Amino acid sequence: MTLPARTPLANEDLLPVSPDRRTWNWWHIASLWIGMAICIPTYTLASGLVDQGWTWQAAVGAVVLGNLVVLLPIALNSHAGTRYGIPFPVLARASFGVLGANVPAILRALVACGWFGIQTWIGGWAIYKLVEVIWPGIATLPQMLPSFVGLNTGEFLCFMIFWAMNVWIVLRGMDSIKFLETWGSPFLLAVGVALFIWAWARSGSLAAMLQNPGGSAVRRLGGWGVFGAGLTSAVAFWGTMALSIPDFSRYARSQRDQVIGQAVGLPGTMALFAFIGAAVTSATVVIFGTRIADPVALLARIGGPLMIMLSMAGLIVATLTTNIAANIVAPANAFSNIAPHKVTFKQGAMITAIIGIVMMPWRLYNDAAAYIFTWLIGYGALLGPVAGILIADYFVLRRGRLIVNDLYRRDGIYEYAHGVNPVAIAALALGVAPSLPGFVAALRGAPAPAFFGSLYNWAWFVGFLIAAVVYLAGMRATHPAMRDIEAGVRAGG
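Rules behind the numbers
Residues numbered from 1 in each chain as written. Predicted model: local features only at pLDDT ≥ 70, side-chain atom pairs only at ≥ 80, totals over all residues. Heavy atoms only, no water. Axes fitted to C-alpha atoms, helices over the stretch in contact; angles between N-to-C directions. Helix = DSSP H or I, 4+ residues; strand = E, 2+ residues; numbered from the N terminus. Left-handed = near helix turned anticlockwise from the far one by under 90°. Contact = heavy atoms within 4.5 Å. Buried < 20%, exposed > 50% of the residue type's maximum accessible area, 1.4 Å probe, protein only. Arc of directions from axis to C-beta. Polar contact = N/O pair within 3.5 Å; in protein donor to acceptor, adjacent residues only side chain to side chain. Patch = residues over 30% accessible without salt bridge, like charges linked within 9 Å, V, L, I, M, F, W, Y side chains within 5 Å. Areas by Shrake-Rupley, 256 points an atom, 1.4 Å probe, with all protein chains shown as cover. Salt bridge = Lys/Arg side-chain N within 4 Å of Asp/Glu carboxyl O. Phe/Tyr/Trp six-rings, centres within 6.5 Å; stacked < 30°, edge-to-face > 60°. Core = buried A, V, L, I, M, F, W, Y, C linked by side-chain atoms within 4.5 Å.

*Asks:* Which parts of the structure should I look at to understand the packing of helix 2 (residues 40-51) against helix 3 (residues 56-84)?
*Replies:* Relative orientation and spacing of two packed helices are given, respectively, by the angle between their axes and the distance between those axes. Closest axis-to-axis distance for the helix 2/helix 3 pair is 9 Å, and the angle between their directions is 145°. Taken as a pair, helix 2 and helix 3 cross one another with a handedness that is right-handed. Residue-level inspection shows L45, A46, L49 and V50 of helix 2 in contact with helix 3, the latter providing W56, A59 and V63.

*Asks:* I'm lost on helix 20 (residues 422-432) in this one. Help?
*Replies:* An α-helix turns once per 3.6 residues; consequently, residues spaced three or four apart project the same way. Within helix 20 the residues assigned to the buried category are V423, A424, A427, L428, G431 and V432. The buried residues of helix 20 occupy an angular sector of 160° when the element is viewed end-on, so they sit on one face. At the N-terminal boundary of helix 20, the capping side chain belongs to N421, with an oxygen 3.1 Å from the backbone nitrogen of V423.

*Asks:* Hey, could you run me through a nonpolar patch on the surface in this one?
*Replies:* Residues W26, W27 and V264 make up a contiguous nonpolar surface patch of about 280 Å² in total accessible area. Along the polypeptide, W27 turns up in helix 1 (residues 26-37). Residue class for W27 comes out partly exposed when judged on its relative accessible area of 34%.

*Asks:* What is the right way to look at the pattern of salt bridges in this model?
*Replies:* Side chains bearing opposite charge may pair, as long as their charged atoms lie close to each other. Scanning the entire structure with this criterion turns up five salt bridges. D393 is paired through a salt bridge with R398; the nearest N and O atoms lie 2.8 Å apart.

*Asks:* When you look at the packing of aromatic side chains in this model, what are you seeing that I'm missing?
*Replies:* A ring pair, where both rings are aromatic, is described by two values, the distance of the centres and the angle of the planes. Scanning all chains against the criterion turns up 21 aromatic pairs. Judged by centre distance (5.2 Å) and plane angle (85°), the rings of F159 and W362 are edge-to-face. Highlighted residues: F159 in helix 6 (residues 153-171) and W362 in the loop between helix 18 (345-358) and helix 19 (368-397), separated in sequence by 203 residues. A single burial state applies to F159 and to W362, both of which are buried. Between Y394 and F395, the ring centres sit 4.8 Å apart and the planes meet at 90°, which makes this aromatic pair edge-to-face.

*Asks:* Where do I start with the nonpolar core in this structure?
*Replies:* It is characteristic of soluble globular proteins that their nonpolar side chains tend to be buried jointly. Formed by 147 residues in total, the largest nonpolar core has its most connected members in W33, W238, L402, Y414 and Y471. Here this core takes 13 residues from helix 5 (residues 102-134), the largest share from any one element. Apart from the residues lying within four places of it in its own chain, the contact partners of W238 are W33, M36, A37, N67, V70, I74, L266, M270 and A326. One finds A229, A381, Y456 and A459 within the second-largest nonpolar core, a separate group that totals five residues.

*Asks:* Honestly, unusual backbone geometry in this entry has me stumped. Any pointers?
*Replies:* Note: most residues except glycine have negative phi, and most peptide bonds are trans. At M360, a position not held by glycine, the phi torsion is positive, near 50°. Within the element layout of this structure, M360 appears in the loop between helix 18 and helix 19. Overall, the relative accessible area of 21% leaves M360 in the partly exposed class. Its identity as a non-glycine residue notwithstanding, D411 has a phi of 65°, on the positive side. Summarising the element assignment, D411 is placed in the loop between helix 19 and helix 20.

So far we have only geometry, and geometry alone does not tell us how the molecule works.
This is how it looks when you write it as structure tokens:
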């Protein structure tokens, strides 16, 4: 493939990865997922459900099943990245058009900016609690920020320190990310297991540790609603990576490496850390007399400067590995995709990082119920339809065949109507529409009408199926010879 490094549709970061740079084996990919999965939001995904009245078995079961489900679209969307070496925004050009691909890319990027801000706040808060043990005076520094910010000077400084750590590693490139994930993962597993052992010892017995709370969430939503909301939140948790996984799978040595790596790294790790989160949260009732779902707050209460220092250091590393891989790479590529000849990957990463400050994420991460039932399910309703369109287009419509050169030029097969595929945009809109009433009700804290409330609990699945069906029907009606055209072009060179 002979393309200039910078054109309106291409730059060195969006062009296919050359074979000599596809060096990630299955362990690198498994380590990536282990590093991303072992983080505070994974812990709070299960601990938040327990805090809302779920049994630990139901909370962990929802997470395990959800991750087994989402592993399928992750592996499917990885295929094109590994086969052609292309990132997510470029893959989206095949279905949305060379310009229309900016729509799903920016949707994914905005969700990632939200996650980046939240994760950066969590990491900064862990740094703050760590410094507070060594130097209590950090809590009484002169106030330098306006009151509307909602942070004291020490909290903001620690937030910015963690922000700078993220930026420094990303600006060093993908090899630094691979190194961090590979060597950080075993340490992170050890920290999680140690926390579980501590809770077990302090509770007195495993039976006491795993006592179940009352079923407030079950009473509020009903059994089917609980199952749908829990499963959807677990799927949506990695629904972001189900789209942008080509950003990483493009570096895999083979399809075997990407499939095995993800199968090894994701479901088991999520199950383990979700179980730790649910079990330890249940144990806090026995240990402290109150349920503590936030691990930072819990670790700060454990006692002993050495224990707090070690545990906070572990949380900082855990948050760093997740934040860089899951929440910077995808939006950096997406922002670069808007104007490849002007915006590089590193510039896109800086845009993401700056948005992460401006949005004041500490105001978002404050309510377990809102985190699960509004944030996770809400953006799942937005991204599920995109996953349905990508998979339907690549596997059903095109049978895995792409004309790579046309992904990087105007007037090719992916030009559609002035660079935008109206069928994909319509399928996306129709996939999102059924979940809007439920999402608006969740934002307002009001009950949704029964029918729309039920749909919203299954938002990712509803959107995925509707968008995939509408897209396939629309494309076969408006572009009946699309697959034959691609096959003919490939055959003709």
